[in-house]
Structures are given as C-alpha cells and as structure tokens.
Amino acid sequence: FERLMRAVSPAEIERCLMQYGKQFLDTLVEKQVAIDGKKLRGTRPTSKGTQGDYLLNAFVCENELVIGQMALQNKENEITAIPNLLNNIDITGATVTIDAIGTQVNIAQQILDKGADYMLAAKDNQKFTRMAIAETFSLNPKAIIDQYSDLDGGHGRVEERVCQIMRAESMVDNEIEGRWPGLKTFVKVTSKVSKGDTTEESVRYYISSDDYPKAKYYYLLARGHWGIENQLHWHLDVTFHEDASRARMDYAPQNLSLIRKLHFSSSDPSLLNMIQIAPNPK
C-alpha cells in the first residue's frame, strides 16, 4: 500500500478530493476558508537532514471540509506557497482567514482579486501595522463601532473574550491604512483567563477587507479559524495517528495525508471508485 502511495501523483488524488467536495459544496459564498499548515512529524528521519514534510491546508470551517492541500519542504516557504494554493481553489464570495505568516500585501491583494474577503492576523511579522492598530484602539476609543463579549469556563478555569471593531479610516497613520489593499476594518480580541488567584491577558489584532458592522461576526471568524487546528489537525493526529506514520519516501506522506482527509470528510466508498477510474495515475 505504501509503495502505491509513493508512485501515484498527488495531483490526481487532489483532483478526486476537489471533485468529491463539489458534491457537497458547490460554492464558498459566505463561507470561511481557513488556511494553515501542519508538519508531518513522522516523516522526519532520525539522522540529519529534512526536518519533516510540511503540508498547507485550506479548510472550510462551516462544513469541516478540506478543499486544497500543498506540500512544502520547510515552514519558511509558506509565504510563497499560500498564493499557489489560492490559485488552485475557487474562493469567490468567501472570507479567507490566515495566521500572521500569511499577512502579506500580495496575499491580501490576491484574495481580493479572486472575489473574496480577508481577515489576517497582525503580529510581530507586521510590527508597524500591529503597533499602529494598537495605538488607534488606545488613543481613539470613541471610534469603536461595536463590541461583543463571550464567557466560558470549566475545570476551575474561566475565560472572558472581548471583540472590538473600528473602521480602518479611524487610523491616524494614513500610510499604514493605504498599504493594505481593500482594508476596511480593524479587529481587536482581548482574552482574559482566570484560574485561582492568577489572571493572564492576551490581545490579538486583525485586519479585514470586510465592512460588516457587527463585532460578533469578526469574533466568530477569529474563533472559527482555530477550527482547522481543533477539528482537522487534531483528528489527523489523534484519530488517524498521522504523526506516528513513518512513511517518508517520494509522494507517500502527501498522498497518505490526503487519504486521511478524505476519510475525515466522509466514508463514502465512491471515493475509491473515483481513484480507480482516474486516467494515468502515474
């Protein structure tokens, strides 16, 4: 079985994945597409050499469906791989969420060019943008147009999350605002975690091309993005033991991960028939 997976072109199995996915999801309008990467730790050899294969995934959060995958050699290549992955999928009408590594001007423009909106994390890789957003929220609180809060807890732990939004035009630094194409909204999510006598606070900032005036919408996008970790990546490791797989030759790691994602989405046996009838599998 592993020898077969080493030989079959990943593009063929990806074709089956997209063809099968269209039976359930023919449009991504008003859907959230989260893009994030996962390292296949079992592909790392014990001797010196590659650090392990790294796969970039496109995940429709509402449907828990993988619609695209791209293999990388090292995580540092993710910036160049995200545009290639976006070129392979139709994201018209969707909102694309990416963590800080994808917060790049060219990626934001590409998302807009493909008829979608973006919500991108602003962290230290975009230090001046992050600082400018934080300063705007601090110095101009009257510009906040909406706020939403959520509270949950368990096992002696309580977490309060507050999401605030403001128009990008509220920023004093016009250079920062003009740098990001289609920028409409700044988002601030503050999380306070209390356990016993200790409280930890963290703040995350986002930029978005969407102009919806309700903070809850952006809060759900921020929370929904982690669905790719909590749903897809968690199941790949815990249910399918992906990190324990030692297959590392040729196309085997990439193909086996695709097969696991097909099973994650559905157990329909027609998937196997689709692969069997595929022309020129090598």
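Please refer to the structure placed before this passage.
Note that the coordinates shown come from a computational prediction; the quantities given were computed from them, not determined experimentally. The residue numbering used here restarts from 1 in each chain and proceeds along that chain's sequence as written. For a predicted model such as this one, the threshold for reporting local features is a pLDDT of at least 70, and the threshold for listing and counting side-chain atom pairs is 80 or more; totals across whole chains, interfaces and linings nevertheless cover every residue. Water and hydrogen atoms were dropped before computing side-chain values, which therefore reflect all heavy atoms in the structure.

S.K.: Honestly, the overall build of the chain in this entry has me stumped. Any pointers?
M.R.: By the criteria applied, helices consist of DSSP H or I runs no shorter than four residues and strands consist of E runs no shorter than two, each listed in order from the N terminus. Across its full length, the chain carries ten helices and nine strands. Think of it in three bands: residues with accessible area under 20% of the maximum for their type are buried, residues over 50% are exposed, and the middle band is partly exposed, with areas taken using a 1.4 Å probe on protein chains only. Taking all 282 residues of the chain together, the buried fraction comes to 47%. Throughout, a contact is declared for two residues whenever any of their heavy atoms are within 4.5 Å. Partitioning the contacts of the chain with sequence separation of at least 6, the portion at a separation of at least 24 is 62%. When the accessible surface of the chain is totalled, it reaches about 14,700 Å², and 49% of it is carbon and sulfur. Where accessible areas are quoted, they stem from the Shrake-Rupley method and a 1.4 Å probe; at the residue level, only the protein chains shown are allowed to cover.

S.K.: Mind showing me how you'd approach unusual backbone geometry here?
M.R.: Despite not being glycine, Glu-30 has its phi angle at roughly 60 degrees, a positive value. Locating Glu-30 in the fold gives a position in the loop between helix H2 (10-21) and strand E1 (32-40).

S.K.: What should I look at first to understand helix H4 (residues 105-113) in this one?
M.R.: Residues of H4 that are buried: Ile-107, Ala-108, Gln-110 and Ile-111. Along H4, the residues classed as buried sweep out an arc of 160 degrees about the axis, all on the same side. Looking at the buried residues of H4, the elements they touch are helix H3 (78-87), strand E4 (95-98) and strand E5 (117-122). Positive backbone phi, at 80 degrees, marks Gly-115, one or two positions downstream of H4. The directions considered for the arc are those from the helix axis to the C-beta atoms.

S.K.: Looking at this structure, how should I read the pairing of strand E2 (residues 53-60)?
M.R.: Remark: a regular strand shows side chains that alternate across the two faces of the sheet. Burial analysis of E2 places eight of its eight residues in the buried class, which makes it a mostly covered element. Inspection of the sheet shows E2 paired to strand E3 (residues 65-72) by seven bridges, in the antiparallel sense. Of the residues in E3, the one forming a bridge with Ala-58 is Gly-68. A pair of strands counts as paired when DSSP detects no fewer than two bridges linking them. Where E2 hands over to E3, the hairpin turn is made up of four residues, of which Glu-64 adopts a positive phi near 50 degrees.

S.K.: What am I meant to see in the pattern of salt bridges here?
M.R.: It is possible for side chains bearing opposite charge to pair when their charged atoms get close. When a carboxyl oxygen of Asp or Glu is within 4 Å of a side-chain nitrogen of Lys or Arg, the pair counts as a salt bridge. If you walk through the whole model with that rule in mind, you get six salt bridges. With a closest N to O distance of 3.3 Å, Arg-157 and Glu-159 form a salt bridge. On the basis of relative accessibility, which here comes to 37%, the residue Arg-157 falls in the partly exposed class.

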